[in-house]
Amino acid sequence: MSDDRGPRHATGSLPQELSEALAFYDALAESATSREDARRQALARFSDWSEQLKEHFRLEDCLLGVTDSPFDSTQLGLPPESAEPGSTGGLPTRFIPRYRLGVGGQGEVWLAHDPELDRFVALKVIKEGQRGSHPTAARFWREAELTGKLEHPNIVPVYEAGKAAGEADTASPYYAMRVFGNRHLLRAITAFHARERQPADWELLEAIKAFHEDRSAVNEQRLQQALATFTFDATQECDQDLKDACEALRKDPAGQSGRSLQEAITAYHASGQQPSELRELLNRFIDVCNALAYAHSRGVIHRDLKPQNVMLGEFGETLVVDWGLAKVL
C-alpha cells in the first residue's frame, strides 16, 4: 500500500519535482525501453534528484525480489522514520519495520520484513496516539476481519492478524497484508498522460520547426544532424511518415511539403499514447469493478474508492486496498 513511485507517508505527497521525475521514469519503464535504460535516462534528466531516485529504484528492486539490499527511507524525500519495533510501540515483534508507508484516520501502514517467511508485507497498526483506545481497537479489528473475509483476486489478501506484545490494556491489534510494488492507479494514469519523447525526438521536432521558418545552411545542417541521430521505429508508420516529410522539406525550398509535414508531426505526437496502454488502464478499471461487484454481493461498500487505493503489480495484478471506511449493509 503505497503512493507514487516513492512510498506514501505522513505528508501524503512527494515534492513536485520528484513526482515529475518518477512520472518520467514510469513513462519510459512502461514503454519498450528496458528498466535499466529508463533508470539511466531518469537519473540523467533529473540529476538534482539522483539520490532520491536511486533509493526508489532500490526499493523497487527490493519489493520485486531482485535484491535484499537495505534502503534508506530518508533518501526518498520523506522525513526520517524509526526502523526499530521497540521504538514504535505498536508493532508486533515478528515483523521488522523498514519505514512508514502511509497514515490514515486511525491506522498507519508500514513496509515490514517477515523473517520467518523471508518476505515483505504491508503491516497495518493503530497509529501512535490512539493505541490503548478500546473503541479504536474495536473498529480496527472490525476492519481487519472485514478485509480478511473479502477473498477475491482483486482485493488485498490478509496474511495474519493479531495483537502486538504488551499489557492487555495497551496491546494493539495489527494485520499483515500483501504488499504490491509501489505503484497505484493514479500514478499509472499520470504516466499515461505524461508520455514524454526522448531528447533526440524533441531535437528533431525543433530542427524541423527552425528549418521550416528559416531554410538557412545552419538550420539545414541542424536538421540533417537531427535526422542522423534520431532512431526511427520501423514498426511505426508515423515514424516513417515523419522521416519522409523531413526529407521532402529539406529538398523542397518552395515548402510544398508543409501540409504533409504537419500531418506527420501530429501523428508522431499522437503516437506517444498507444491504444495498448489505454486498453491496459481500462482492464485495470474492469478489475476494480469486479472487486467492488464481489464486495457488494457480500453486502460491503468501500466508501473510500480512489485511484490511490488501487495498487498495481508488475504482472498485471490489480488490488483494491484500504477498506478502513467500509460499511456492511
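Higher on the page you've got the structure.
Notes on the structure in this doc start here. Within each chain, residues carry numbers counting from 1 in the order of the written sequence. Selection of residues for local features in this predicted model requires a pLDDT of at least 70, selection of side-chain atom pairs for listing and counting requires 80 or more, and totals for whole chains, interfaces and linings are taken over all residues. Derived side-chain values reflect all non-hydrogen atoms in the structure, with water molecules and hydrogen atoms excluded from consideration.

Moving on: the packing of helix α1 (residues 16–29) against helix α2 (residues 35–45). Axis geometry follows a simple rule: fit a line to the C-alpha atoms, using only the stretch in contact for helices, then measure angles between N-to-C directions, giving values from 0 to 180 degrees. By definition, any uninterrupted DSSP run of H or I lasting at least four residues is a helix, any uninterrupted run of E lasting at least two residues is a strand, and each is numbered from the N terminus. One can describe the packing of α1 onto α2 by two numbers: an axis separation of 9 Å at closest approach and a directional angle of 150°. The orientation of α1 with respect to α2, classified from their angle, is roughly antiparallel. At the point where α1 passes α2, the crossing takes the right-handed sense. Residues F24, Y25, L28 and A29 of α1 pack against R35, A38, R39, Q41, A42 and R45 of α2. Along the lines of polarity and charge, the residues of the contact of α1 with α2 split into six nonpolar, one polar and three charged. Roughly parallel covers angles under 35 degrees, roughly antiparallel covers those over 145, roughly perpendicular covers 65 to 115, and oblique covers all other angles. If you view the pair so one helix is near and one far, a crossing is left-handed when the near helix is turned anticlockwise from the far one by less than a right angle, and right-handed when it is turned clockwise. Only heavy atoms matter for contacts: two residues are in contact if any of them lie within 4.5 Å across the pair. Under the grouping applied here, Gly and all other residues not named as nonpolar or charged are polar, the nonpolar ones being Ala, Val, Leu, Ile, Met, Phe, Trp, Tyr, Cys and Pro and the charged ones Asp, Glu, Lys and Arg.

Turning our attention to the environment of L223. With respect to the element layout, L223 can be found in helix α8 (residues 217–229). The spatial distance from the C-alpha of L223 to the C-alpha of A210 is 8.5 Å, given a sequence separation of 13 residues.

Salt bridges are defined by distance alone: a side-chain nitrogen of Lys or Arg within 4 Å of a carboxyl oxygen of Asp or Glu. Scanning the entire structure with this criterion turns up ten salt bridges. A salt bridge links D114 to R94; the nearest nitrogen and oxygen atoms lie 2.6 Å apart. Of this pair, D114 sits in strand β2 (residues 107–114) while R94 sits in the loop between α4 (85–88) and β1 (96–103), and the two are 20 residues apart along the sequence. Between R94 and E160 there is a salt bridge whose closest N-O contact spans 2.4 Å. Pair noted here: R94 is in the loop between α4 and β1 and E160 is in strand β4 (residues 158–163), with a separation of 66 residues, a long-range link. Any residue under 20% of the maximum accessible area for its type is buried, any over 50% is exposed, and the rest in between are partly exposed; the area is computed with a 1.4 Å probe on protein chains only. Under the relative-accessibility criterion, R94 is labelled partly exposed at 23%. Here the residues in one salt-bridge network are R94, D114, E116 and E160, joined through shared partners.

In this section: the packing of α1 against helix α6 (residues 185–193). One way to put it is that α1 packs onto α6 with a least axis distance of 9 Å and a crossing angle of 75°. When the axis of α1 is compared with that of α6, the two are roughly perpendicular. Along its contact with α1, which presents A23, D26 and A27, the element α6 presents R187, T190 and A191. Of the residues belonging to the contact of α1 with α6, the class tally is three nonpolar, one polar and two charged.

It is worth spelling out unusual backbone geometry at this point. In the Ramachandran plot, R303 falls in the positive-phi region, its phi being about 70° despite a non-glycine side chain. Tracing the backbone shows R303 in the loop between β6 (300–301) and β7 (310–312). For D322, which is not glycine, the phi torsion reads 60° and is therefore positive. Within the secondary structure, D322 sits in the loop between β8 (318–320) and β9 (327–328). Assessed through its relative accessible area of 18%, D322 is described here as buried.

Let us look at the side chain of H184. Within the secondary structure layout, H184 lies in the loop between β5 (173–178) and α6. For H184, a relative accessible area of 2% gives the class buried. Counting of polar contacts relies on pairs of N or O atoms within 3.5 Å, with two restrictions inside protein: one atom must be capable of donating a hydrogen and the other of accepting it, and residues adjacent in sequence are counted only when both atoms are side-chain atoms. Within the local environment of H184, its side chain forms a polar contact with the backbone nitrogen of L186, the two atoms lying 3.2 Å apart. Separated by 3.0 Å, the side chain of H184 and the backbone nitrogen of R187 make a polar contact.

A few words on the nonpolar core. Buried Ala, Val, Leu, Ile, Met, Phe, Trp, Tyr and Cys residues form a nonpolar core when they are joined through side-chain atoms within 4.5 Å. L146, L150, I155, V300 and W323 are the most contacted members of the largest nonpolar core, which has 18 residues in total. The leading source of residues in this core is helix α11 (residues 275–297), at six residues. Once residues lying within four places of it in the same chain are set aside, the contact partners of V300 are L146, L150, A295, W323, A326, K327 and V328. A122, I126, A144 and V321 belong to the second largest nonpolar core, which has 17 residues in total.

Ring geometry is summarised as follows: Phe, Tyr and Trp rings, the Trp one being its six-membered ring, pair when their centres sit within 6.5 Å, and such pairs are stacked at plane angles under 30 degrees, edge-to-face over 60 and tilted between the two. Using the criterion set out here, one finds three aromatic pairs in the structure. Judged by centre distance (6.1 Å) and plane angle (75°), the ring pair of F95 and Y174 falls under edge-to-face. Note that F95 is positioned in the loop between α4 and β1 and Y174 in strand β5, a separation of 79 residues in sequence. Overall, the relative accessible area of 6% leaves Y174 in the buried class. With 5.5 Å between their ring centres and 50° between their planes, F140 and Y175 make a pair best called tilted. Highlighted residues: F140 in helix α5 (residues 134–149) and Y175 in strand β5, separated in sequence by 35 residues.

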